[in-house]
Amino acid sequence: MPDVFADLVGQDEAVATLRHAAAAAAAVLRAAHPVAVGSGQAEVEGEPGVDPGAGMTHAWIFTGPPGSGRSVAARAFAAALQCAYGTGCGECPGCHTTMTGTHADVRLVVPEGLSIGVGEMRALVLRAASTPSGGRWQIVIIEDADRLTEAAGNALLKAIEEPPPRTVFLLCAPSTHPDDVSVTIRSRCRVVPLRQPSAAAVAEVLVRRDGIAPDVAQWAAAAAQGHVGRARRLARDPEARQRRDAVLAVPRRLTGVGAALDAASALIEAAEAEAEASVAEADAAERAALQTALGAGGTGRGAAGAMRGAAGQLKDLEKRQKSRATRAQRDALDRALVDLAGFYRDALTMALRAPVAPVHTDTAAMAEAGAQKWDAEGALRRLEAVLECRAAIEANVKPRIAVEAMMLTLWKG
Ligand SMILES: [Zn+2]
C-alpha cells in the first residue's frame, strides 16, 4: 500500500520536507503526552535526541504552477499529521479519513467563486481554534489562498499570528508574490515550493495509479504541460479531447479579419458552454435543497416575514452561483489558452531547432509549417499574444476584447 505522499508527482524535495515535519509534529504530540496516561498538561519535555519543535510550524504555504499538486501536497501533509504513526502510512483511520475528506479535524476550503470572503474566513478561524477531537491537530486547508479578499486575509493573519497550540493552517497559492499572498501572511508561513512535474513523471503516475495505457499516458502528459489533473482528463474524457482539438484547429482557421473574429467568438462560446455544463448540476441541486429547506410557501402568522427571508437567501445563492459560473468560465478559457500557447511554443522551438519534445505531438506537423512561415520572431510574437491575453483576462479585461485582440495578432503576426 503506497503512503499518502505517493501521488505527489516529481516533488522529492517537498516530500522530504513534509515527512520530516510530520515526524517532528508527532514528536511534539508524544512530548505532550509522555505516557499513555498523561497528566493532560501540555508539557513539551521532549525525548532524548528529538527536538519536538524542529521542522514543524503552524502555518504553511504550498506554491507552484496550476496542476503541480499544491492541494494534493497539502492534503497528504494533513494526513501525515493525523496519522496514528506520524508518517502518513496511508492505512490508519487518520490517514484514510483525511484523504477521503471525512476527518473531523481537517477542514478544506475550496473557493467556488472569485474570492474567499471575510465571513467565511472568520467562521473558519473560530472553528479552527477548537480542541482537535481526534487528539492530534486541528487543520485548515485553504486552496487558492490567492483569492482571499483583503478583509479575509486580515482575519486569517490574526489567527496565524497567534495560533492556538494545536492548529495548523495549510495555504495553497500559485506563488509567494505579493499579488498572490500578502507579505505579512507570507512572513508567518513556511513555504513549500512545488515544481512543474516532468511529462515523464506525470505519465508514470497515470499508468500506475489510473491504469491508463502507456502510449495514451505519454501523449496526455505532454499535452497537459505538467498539469496532472488535466492530463488525466485528456486521457479519459473524450469531450475534453474534442475541446482541445477545436482549440488546436484555431491557427489553421485564421485566414483574415473576419475569420479571426469568428475564431474569437467560437473560443469564448466554447468556454461558456463548458463552464455552464460544469456548474449546471451543482446549481440545480443547491436550488432544490434551498427550496426544500425553506418549505413550499406557507400561510398564517410569520409567513410574510419568512418569505422576505427566503427571498434574501435565494438572492445570496444566486450571487454565489453567478460568481462560481464566472470562475468556471475563466478557468475553461484559460485551459484553452494554455493549449494554444503550447502550439505556438512548439512552433517557436521548431523555428529555433531547439532539441526539446513538442507539447502537442498531434499538431507537430502544423507547428512545423508555422515555424517555416513565421520564423522564430513571428512564432514568438504569437506566443506572446497568447500569454498577454491570459494576463489581460486575469487583470479583469473583458474576455471577448482580450481574445479578439489576440486572434488578430495570431493572424497578422
Ligand atoms: Zn497513517
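Please refer to the structure higher up on the page.
Our subject in this report is the structure included herewith. Predicted model only: the values in this text are computed from it and were never measured.

We now examine the overall build of the protein. Counting its secondary structure elements, the protein contains 15 helices and 5 strands. With respect to the principal axes defined by its C-alpha atoms, the protein has extents near 80 × 70 × 40 Å. Long-range pairs, those at least 24 residues apart, make up 73% of the contacts in the protein between residues at least 6 apart in sequence. When the accessible surface of the protein is summed, it comes to about 20,800 Å², and 54% of that surface belongs to carbon and sulfur atoms. Charge separation in the protein, taken as the distance between the mean sites of 46 positive and 48 negative side-chain charges, equals 3 Å.

To continue, consider the sheet that holds strand 1 (residues 59-63). Taken together, the 5 strands give an open sheet; going across it, the order is 2-3-4-1-5, and neighbouring strands pair in parallel fashion. With one partner strand each, in any of the chains shown, strand 2 (106-109) and strand 5 (190-193) form the two edges of the open sheet. Between one strand axis and the next, the sheet turns by 15 degrees as a mean value, whatever way the strands run. Inspection of the sheet shows strand 3 (residues 138-142) paired to strand 4 (residues 167-173) by 5 bridges, in the parallel sense. Note on strand 4: the bridge partner recorded for V140 is F169. Lying over the sheet, helix 5 (residues 150-161) contacts strand 1, strand 3 and strand 4, oriented at roughly 135 degrees with respect to strand 4.

To continue, consider the environment of T176. Assignment of secondary structure puts T176 in the loop between strand 4 and helix 6 (183-188). For T176, a relative accessible area of 30% puts it in the partly exposed group. Residues in contact with T176, not counting those within four places in the same chain, are T63, V181, R186 and V191.

Burial of strand 3 is extensive: 5 of the 5 residues sit out of reach of the surface. Residue alternation in strand 3 divides its side chains into two sets, Q138, V140 and I142 and I139 and I141, and both sets are buried. Two elements, strand 2 and strand 3, share 4 bridges in a ladder whose sense is parallel. Along strand 3, the bridge assignment pairs V109 with I142. For the crossover from strand 2 across helix 4 (residues 118-128) to strand 3, the handedness is right-handed. Read from strand 3 through helix 5 to strand 4, the crossover connection turns out right-handed.

Calculation rules
Residues numbered from 1 in each chain as written. Predicted model: local features only at pLDDT ≥ 70, side-chain atom pairs only at ≥ 80, totals over all residues. Heavy atoms only, no water. Helix = DSSP H or I, 4+ residues; strand = E, 2+ residues; numbered from the N terminus. Contact = heavy atoms within 4.5 Å. Areas by Shrake-Rupley, 256 points an atom, 1.4 Å probe, with all protein chains shown as cover. Lys, Arg positive; Asp, Glu negative; His and termini not counted. Charge placed at Lys NZ, Arg CZ, Asp CG, Glu CD. Pairing = 2+ DSSP bridges. Axes fitted to C-alpha atoms, helices over the stretch in contact; angles between N-to-C directions. Buried < 20%, exposed > 50% of the residue type's maximum accessible area, 1.4 Å probe, protein only. Right-handed = clockwise from strand over helix to strand, strands pointing away.

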